[in-house]
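Next come the chains, spelled out residue by residue.
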Amino acid sequence: MIVDLIFQVEENKLIASSTYEMTLKTEKLPPIKAGQFAEVKIPSREDLILRRPFCVYSVDSEKNSIKIGYALRGKGTKELSALKVGDEVQVLLPLGNGFPAVEKGKKILLAGGGVGVLPLLSVAESYLDNEVYCCLGFKDKNLVMKADEFKRLCKKAVFATDDGSFGEKGFVAEVLERHMDDIKPDVIFACGPEPMLKSLKKFSAVPTYVSLEQRMGCGIGACLVCACKIKKADGEHNLRVCKDGPVFLFDEVFYG
Ligand SMILES: Cc1cc2nc3c(=O)[nH]c(=O)nc-3n(C[C@H](O)[C@H](O)[C@H](O)COP(=O)(O)OP(=O)(O)OC[C@H]3O[C@@H](n4cnc5c(N)ncnc54)[C@H](O)[C@@H]3O)c2cc1C
Ligand code: FES
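Owing to the predicted nature of the structure, the values given are computational and were not obtained by experimental measurement.

Observations concerning the domain arrangement of the chain
Often, the extent of an interface is quoted as the loss of accessible area upon association of its parts.
Consideration 1: Assigned domains within the chain: domain 1 (3-95), domain 2 (99-200) and domain 3 (212-256).
Consideration 2: For domain 2 versus domain 3, the separation of C-alpha centres amounts to 23 Å.
Consideration 3: If you look at the interface, domain 2 gives six residues, while domain 3 gives four residues.
Consideration 4: Buried area between domain 2 and domain 3, both sides added, is near 450 Å², and the carbon and sulfur share of it is 86%.
Consideration 5: Three residues stand out in domain 2 for area buried against domain 3, namely Phe99, Leu197 and Lys198, and they jointly supply 64% of the buried area on that side.
Consideration 6: If you look at where domain 2 meets domain 3, you find zero salt bridges.
Consideration 7: Run the count over domain 2 and domain 3 and you get zero residue pairs in polar contact (both at pLDDT 80 or more).
Consideration 8: For the side of domain 2 that touches domain 3, the per-class residue count stands at four nonpolar, no polar and two charged.

Spelled out as structure tokens, the structure:
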């Protein structure tokens, strides 16, 4: 059930260059699945009418708290970075379908880039009984985030940076190519910038699911701002990233 709740800021801290993690606490959280997201109202800025979407990548249902992470982009994320402990934020959640369920025994590979690694952390936390691998790419070592958590949760965690300052040098798909024979995944879950997602084409013989980022309005399927062309067996459809996604099969998105 989608609910619009008031949260209090418990913590708002820098976790990588220009990237923050905010812990938010409320009275009673609804169930939230890996890959689902929230629409956050930017407090005290009536001019920023549209809420901003962020993935909920950590949920503590006993404490009724969630974590979101955000890279500084524009006015909304700048306002969020100035929030202090105890400030109130209005949040609509859980939105979207999240990542599909994976059977026990299947090997999961997480491929992420930049702040897009965050929703993949919630997948790793949800599949403690599966073998989970990850290959995560960042521009440089200053942008690396959650490396220890991924190392703890994954059977093998591979890091890639464009300049080789952390992990292996190269883009995610290049680095992954060197490890694919060892991993032999049954399914790939990916999130990150579009060029990174597209570069996974060479692995798409393995069922690959991508989480898309799209400009959003309502977040609940009503305004069609987030419409995106998706190819199904019966042809092309304009689907809503917020309600029908944000996770789609690679082949349904990048078919051109
Ligand atoms: C389902 C979903 C989940 C997301 N999860 C995260 C997350 O966990 N962490 C995170 O840092 N970001 C995430 N994003 C992107 C995030 O919503 C935008 O970065 C944020 O809304 C920018 O707000 P702003 O007011 O700071 O920027 P604005 O001033 O609105 O815009 C600044 C720049 O950011 C770009 N931008 C704005 N909104 C989006 C958007 N929705 N998608 C892509 N580019 C955008 C604009 O094109 C512009 O160039 C997610 C987006 C979607 C759709
Ligand atoms: S954001 Fe309104 S339909 Fe998706």
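Continuing now.
Let's talk about the nonpolar core
Consideration 1: Ranked by size, the top nonpolar core spans 35 residues in total, and within it Leu176, Leu200, Val210 and Leu212 carry the most contacts.
Consideration 2: For this core, the leading source of residues is helix H4 (residues 172-183), giving six residues.

Let's talk about the sheet that holds strand E2 (residues 19-25)
Consideration 1: Taken in spatial order, the six strands of this closed barrel run E1-E2-E5-E4-E3-E6, and their pairing is antiparallel. Averaged over all neighbouring strand pairs, the angle between strand axes comes to 45°, with direction disregarded.
Consideration 2: As defined by bridge partners, strand E3 (residues 37-40) adjoins strand E4 (residues 52-60) across four bridges and the pair is classed as antiparallel. By the bridge assignment, Glu39 is partnered in E4 with Pro53.
Consideration 3: Sitting on the sheet, helix H2 (residues 118-126) is in contact with E4 and strand E5 (65-71), with an inclination near 25° to E4.

What counts, and where the lines are drawn
Residues numbered from 1 in each chain as written. Chains lettered and ligands numbered in written order. Predicted model: local features only at pLDDT ≥ 70, side-chain atom pairs only at ≥ 80, totals over all residues. Heavy atoms only, no water. Domains from an automatic or database assignment. Contact = heavy atoms within 4.5 Å. Buried area = accessible area lost by both parts, 1.4 Å probe. Salt bridge = Lys/Arg side-chain N within 4 Å of Asp/Glu carboxyl O. Polar contact = N/O pair within 3.5 Å; in protein donor to acceptor, adjacent residues only side chain to side chain. Nonpolar A, V, L, I, M, F, W, Y, C, P; charged D, E, K, R; others polar. Core = buried A, V, L, I, M, F, W, Y, C linked by side-chain atoms within 4.5 Å. Buried < 20%, exposed > 50% of the residue type's maximum accessible area, 1.4 Å probe, protein only. Helix = DSSP H or I, 4+ residues; strand = E, 2+ residues; numbered from the N terminus. Pairing = 2+ DSSP bridges. Axes fitted to C-alpha atoms, helices over the stretch in contact; angles between N-to-C directions.

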